[in-house]
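Architecture at a glance
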Amino acid sequence: MSNPSALQDVLDHVIAPAGELARQEGKFPRAAVAALGRAGLLGLTCSTEPEGGGLARAAEVVARVLPVCPATAAVLQSHYAAATVVEAYGGRWLRGEVAAGRHLCTLALVEDGAGGAVRSTARRTGGVVALRAHKRDVVAAGEADSYVWSSPPVASDGGLTLWGVPAHAPGLFVPASANGVPFASATSTVVADPVRVPAEAMLGADGDGSRILLDAVLPWLLELCAVIGSDAVHPSLGALARSASGTARSGDGQAFAASAAMALR
């Protein structure tokens, strides 16, 4: 890691107190996320080094944060995985904001329906695309600055399309929790009813989302398992990483999108 002392300082003075509030009150660790951004630790996957270097350092950060504040670790996992997609396919301004630690992103991949089946819609009118969906198990829902969002393709047949959806976009909201019990990681449902984004918000080509998830998110999962151990973050993560390797070979990106988002809760 480029600056281990910076992380230790944040762990001692910000993440530990935030972890107490997360455990006691279910409070989202906003102060911890902001401190990690200021310390340059949110942009580690936006690496100019050979492929994999940023992921290895990011996994080390998660490993050290996890015992201090599991909620912050969960937020980091989803952010780092989403950031790899943004770094590869996002616009210049967004990539710069993520790299500078000023932008928290997360994954919104799983549909709110049986088996994670894709039931959302994407309709284009001119230069605007209307996305309609209920996404479940979204970490940092209502707290992240943007979502890496999956939908059916706009024009192509089959597969998925990915979008960078700003959290402030009209038509996007997080419903109140049915049981009133907050998750410190702000894991919840996000609803687009619909949310309208510019066509340029597409991450990659139309219908190419399955391949992008396999190329960008799968390496993150495997790196995470290799560095900190599969069961340290989520009990199913090790099994997921093994099965995801087979999924990648089969090319079933939709199945992987659902399982990846579940593992990164």
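Structural notes, computed from the coordinates. (Residues numbered from 1 in each chain as written. Predicted model: local features only at pLDDT ≥ 70, side-chain atom pairs only at ≥ 80, totals over all residues. Heavy atoms only, no water.)

Considering the overall build of the protein
- When its secondary structure is counted, the protein shows eight helices and nine strands.
- Summed over its atoms, the accessible surface of the protein is roughly 11,200 Å², and 53% of this surface lies on carbon and sulfur atoms. (Helix = DSSP H or I, 4+ residues; strand = E, 2+ residues; numbered from the N terminus. Areas by Shrake-Rupley, 256 points an atom, 1.4 Å probe, with all protein chains shown as cover.)

Regarding the pattern of salt bridges
- Evaluated as defined, the whole model comprises eight salt bridges.
- Salt-bridge contacts for Arg23 lead to Glu20; the nearest nitrogen and oxygen are separated by 2.7 Å. Taken together, the residues Arg23 and Glu20, both in helix H1 (residues 4-25) and three residues apart, mark about one turn of the helix.
- We classify Arg23 as partly exposed; its relative accessible area is 48%. (Salt bridge = Lys/Arg side-chain N within 4 Å of Asp/Glu carboxyl O. Buried < 20%, exposed > 50% of the residue type's maximum accessible area, 1.4 Å probe, protein only.)

Quick word on the packing of aromatic side chains
- Summed over the entire model, instances satisfying the criterion amount to one aromatic pair.
- An angle of 80 degrees between the planes, with centres 6.5 Å apart, marks the rings of Tyr147 and Trp149 as edge-to-face. Just as Tyr147 is buried, Trp149 falls in that class too. (Phe/Tyr/Trp six-rings, centres within 6.5 Å; stacked < 30°, edge-to-face > 60°.)

Some words on the environment of Thr121
- Its place among the elements puts Thr121 in strand E3 (residues 121-125).
- Beyond its immediate sequence surroundings of up to four residues, Thr121 is in contact with Ala130, Leu131, Arg132 and Pro152. (Contact = heavy atoms within 4.5 Å.)

What about the pairing of strand E8 (residues 188-198)?
- Pairing of strand E4 (residues 128-138) with E8 involves eight bridges; the strand directions are antiparallel. Residue pairing across strands places Ala130 opposite Arg196, the latter belonging to E8.
- One ladder, built from two bridges, connects strand E7 (residues 172-173) with E8; its direction is antiparallel. Bridge pairing links Phe173 to Val191 in E8. (Pairing = 2+ DSSP bridges.)

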